[in-house]
Each structure stands twice: as C-alpha cells, then as structure tokens.
Amino acid sequence: MNKSSLRKYYLAKRKTLSPEEVKSKSEEIKDLFFQEINLESVEYLHIFLPIEKQNEIDTFLIIKELKRNYAKIKMVVSRIIPSTFEMQHFLLDEENLTKNHWGILEPSGENLTEIQPNQIDLVIIPLLIFDQQGNRVGYGKGFYDRFLNQCRPETLKVGICLEEPIEQIEDVNKFDVKMDFCISHSNFYKF
Ligand SMILES: Nc1nc2c(c(=O)[nH]1)N(C=O)[C@@H](CNc1ccc(C(=O)N[C@@H](CCC(=O)O)C(=O)O)cc1)CN2
Ligand SMILES: Nc1ncnc2c1ncn2[C@@H]1O[C@H](COP(=O)(O)OP(=O)(O)OP(=O)(O)O)[C@@H](O)[C@H]1O
C-alpha cells in the first residue's frame with residue numbers, strides 16, 4: 001500500500017483504541033525502550049509529546065522514568081513552524097507547555113533554551129505505521145523527515161508505534177529517513 005492509504009487506514013484504526021489499550025501499550029513500549037536502548041552516551045534526547053485526542057502513545061511515561069533514573073539526560077521537545085514544515089527545539093520544561101492549534105503541547109514562554117538538531121543524540125519519533133525495512137508513515141507533512149535530516153548521521157532514530165510492521169511501504173522517497181529501531185508493545189525491531 002502507499003503512504004496515503006496507510007495513513008487513512010491506521011489513523012482510523014488508532015481512533016478505535018480505548019484509553020485503557022493506549023495506556024497499557026504505552027507502558028509496555030516504555031518498558032521495552034529502557035530494556036533495549038543503551039542510553040549511556042546520550043546527552044540530549046528528543047521526545048515528542050502525545051496528542052491525546054489522536055490516541056498517541058503516552059510518552060510522559062518515558063519522560064517520568066528518564067527523570068527518575070537518568071537525571072543527566074537533557075530532554076528536548078519541539079515547536080512546529082507551520083509555514084516551513086520545520087521544527088524548533090528546546091529543553092523540556094514541563095511548567096511551560098502550551099497546546100497548539102492541533103492539540104500538541106509545545107514549549108512556550110520566555111526562558112526557553114534552544115537546542116540545535118546537531119546536538120541531539122537520540123530522537124524518539126511518532127509514527128502511524130512502519131515497514132520491515134524501517135521506513136515510516138506519519139501525518140504526512142514531513143516534519144520529522146526534515147528534522148532527522150538536520151541531525152548528525154549517527155544520531156539514534158527510535159520510532160515507537162502501536163502497530164506491528166507491514167511488509168513494505170510502496171512509495172518511499174528520497175526524503176524519507178529510515179529509523180534505526182522501532183518499538184511496538186511486544187517487539188523490538190532493529191534495521
Ligand atoms: N505528538 C506529535 N507531535 C508532532 C508530530 C506527531 O506526529 N505527533 N508531528 C509529526 O510529523 C509533527 C506535527 N505534525 C502535523 C501534521 C499535520 C498538521 C496539519 O496541518 N494538519 C491539518 C490537516 C492535514 C490533513 O488533513 O492533511 C489540520 O489539522 O488542519 C500539523 C502538524 C510535529 N509534532
Ligand atoms: N527534507 C525535505 N525537504 C523537502 N521536502 C521534504 C523533506 N522531507 C520531506 N519532504 C516532503 O514532505 C512531504 C511529506 O512527506 P511524507 O509523506 O514522507 O511524510 P510523513 O513522514 O508521513 O510525515 P511526518 O514526517 O510529518 O510524520 C513529502 O511531500 C516530502 O517530499
């Protein structure tokens with residue numbers, strides 16, 4: 001299937017999940033993340049903040065555990081620039097988050113510390129579905145493809161997903177950046 005059909009299908013499928021299902025899968029994904037990913041040399045870690053009404057994975061579970069057990073890691077969250085489909089990145093300050101037009105919590109306020117993409121060592125990526133080669137489908141605006149392209153080549157790209165992979169996304173293009181790993185609620189995939 002192509003990205004457009006996959007996006008429609010998996011957006012609709014995700015909407016049918018109950019809050020309990022999203023919560024329990026989010027817990028399992030969080031556990032697999034800490035089991036499988038070596039965070040020793042990670043200084044800056046980008047994490048997305050969940051769009052609740054879209055039934056996205058609750059990444060606050062990962063954030064809590066990072067704060068508890070990996071206090072040295074600096075967490076980075078982003079703000080979208082809708083006109084250019086780019087993102088700007090800032091140190092996470094949970095006291096200063098505001099919901100944007102799409103229901104995404106974003107850093108706001110005056111004391112923001114901006115972080116450049118080339119400083120980031122690991123990116124946790126949102127996605128709707130992925131394939132067995134490590135390609136992903138998101139909401140289709142290319143925000144993460146642009147961002148990942150600005151990171152260092154060795155930056156770890158870790159997708160988290162509520163679904164298991166399909167065989168192949170038909171219309172992968174030259175802008176698509178492959179993930180290194182993807183974590184579902186029951187499996188860890190390495191590409
Ligand atoms: N939690 C989270 N944050 C994220 C993403 C994500 O997938 N999850 N993104 C992943 O990339 C980026 C935001 N993605 C966006 C994707 C589309 C539109 C948008 O313009 N939507 C239109 C409808 C588009 C359509 O129907 O084609 C709208 O709502 O009006 C905005 C942001 C960055 N932050
Ligand atoms: N680095 C880039 N420069 C210019 N255009 C880009 C770049 N990356 C992606 N695009 C364009 O953005 C559009 C969306 O890409 P795609 O369908 O792969 O989105 P997606 O991966 O599902 O979305 P997202 O990354 O926002 O989750 C495509 O038209 C693609 O060509």
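Residues numbered from 1 in each chain as written. Chains lettered and ligands numbered in written order. Predicted model: local features only at pLDDT ≥ 70, side-chain atom pairs only at ≥ 80, totals over all residues. Heavy atoms only, no water.

Applicable threshold: UniProt positions are given in the numbering used here, feature names are shortened, and annotations may be inferred rather than shown by experiment.
The chain is annotated in an unreviewed UniProt entry as 5-formyltetrahydrofolate cyclo-ligase from Arcicella aurantiaca. UniProt's Sequence similarities (unreviewed entry) comment on the chain is quoted here verbatim: "Belongs to the 5-formyltetrahydrofolate cyclo-ligase family." Among the UniProt annotations of the chain, the heading Cofactor (unreviewed entry) holds the following wording: "Mg(2+)".

**Focus on the packing of aromatic side chains**
Our working definition: For this analysis, a ring pair means two rings from Phe, Tyr or Trp (six-membered ring only for Trp) whose centres lie within 6.5 Å, classed as stacked if their planes differ by under 30 degrees, edge-to-face if by over 60, and tilted for the remaining angles. Three labels apply to residues, based on accessible area from a 1.4 Å probe with only protein chains included: buried if under 20% of the type maximum, exposed if over 50%, partly exposed otherwise in between. Under the DSSP-based scheme used, a helix requires at least four consecutive residues in state H or I and a strand at least two consecutive residues in state E, with every element numbered from the N terminus. Two limits define a charge over a ring: the Lys NZ or Arg CZ must be within 6 Å of the ring centre, and within 35 degrees of the ring normal.
A complete count under the given rule lists eight aromatic pairs for this structure. Ring geometry for Phe33 versus Phe34: centroids 5.1 Å apart, planes at 90°, classification edge-to-face. Summarising the burial analysis for this pair, Phe33 and Phe34 share the class buried. Ring centres 5.7 Å apart and planes at 70° place the aromatic pair Phe85 and Phe143 in the edge-to-face group. Here Phe85 is found in the loop between strand S2 (74-81) and strand S3 (86-91), whereas its partner Phe143 is found in helix H4 (residues 143-150), with 58 residues between them in sequence. Note on Phe85: relative accessible area 31%, which makes it partly exposed. Clustering of aromatic rings is evident, with ring pairs tying together Phe33, Phe34 and Tyr70. Across the ring face of Tyr44, the terminal group of Lys74 is positioned such that the distance to the ring centre comes to 5.1 Å.

**Brief notes about the UniProt feature "binding site: substrate" (unreviewed entry) in the chain**
For clarity, the cut-off: The way it works is a 1 Å grid over only the protein atoms, where trapped points that fit a 1.4 Å probe form a cavity and open points with protein on both sides within 12 Å along at least five of seven lines form a pocket, and then any residue with an atom within 4 Å of a point lines it. Only heavy atoms matter for contacts: two residues are in contact if any of them lie within 4.5 Å across the pair.
Under the feature "binding site: substrate" (unreviewed entry), the UniProt entry names Leu49 and Glu56. Residues that both appear in the annotated list above and line the largest cavity are Glu56. On the basis of relative accessible area, Leu49 is assigned to the buried category, the value being 5%. Aside from chain neighbours lying at most four places away, what touches Leu49 is Glu56, Thr59, Phe60, Ile63, Val77, Leu97, Ile104 and Leu105. Looking at the element boundaries, Glu56 is found in the loop between strand S1 (44-46) and helix H3 (60-69). The residues touching Glu56, leaving out its near neighbours within four places in the chain, are Arg14, Val22, Phe48, Leu49, Pro50, Ile51 and Tyr139.

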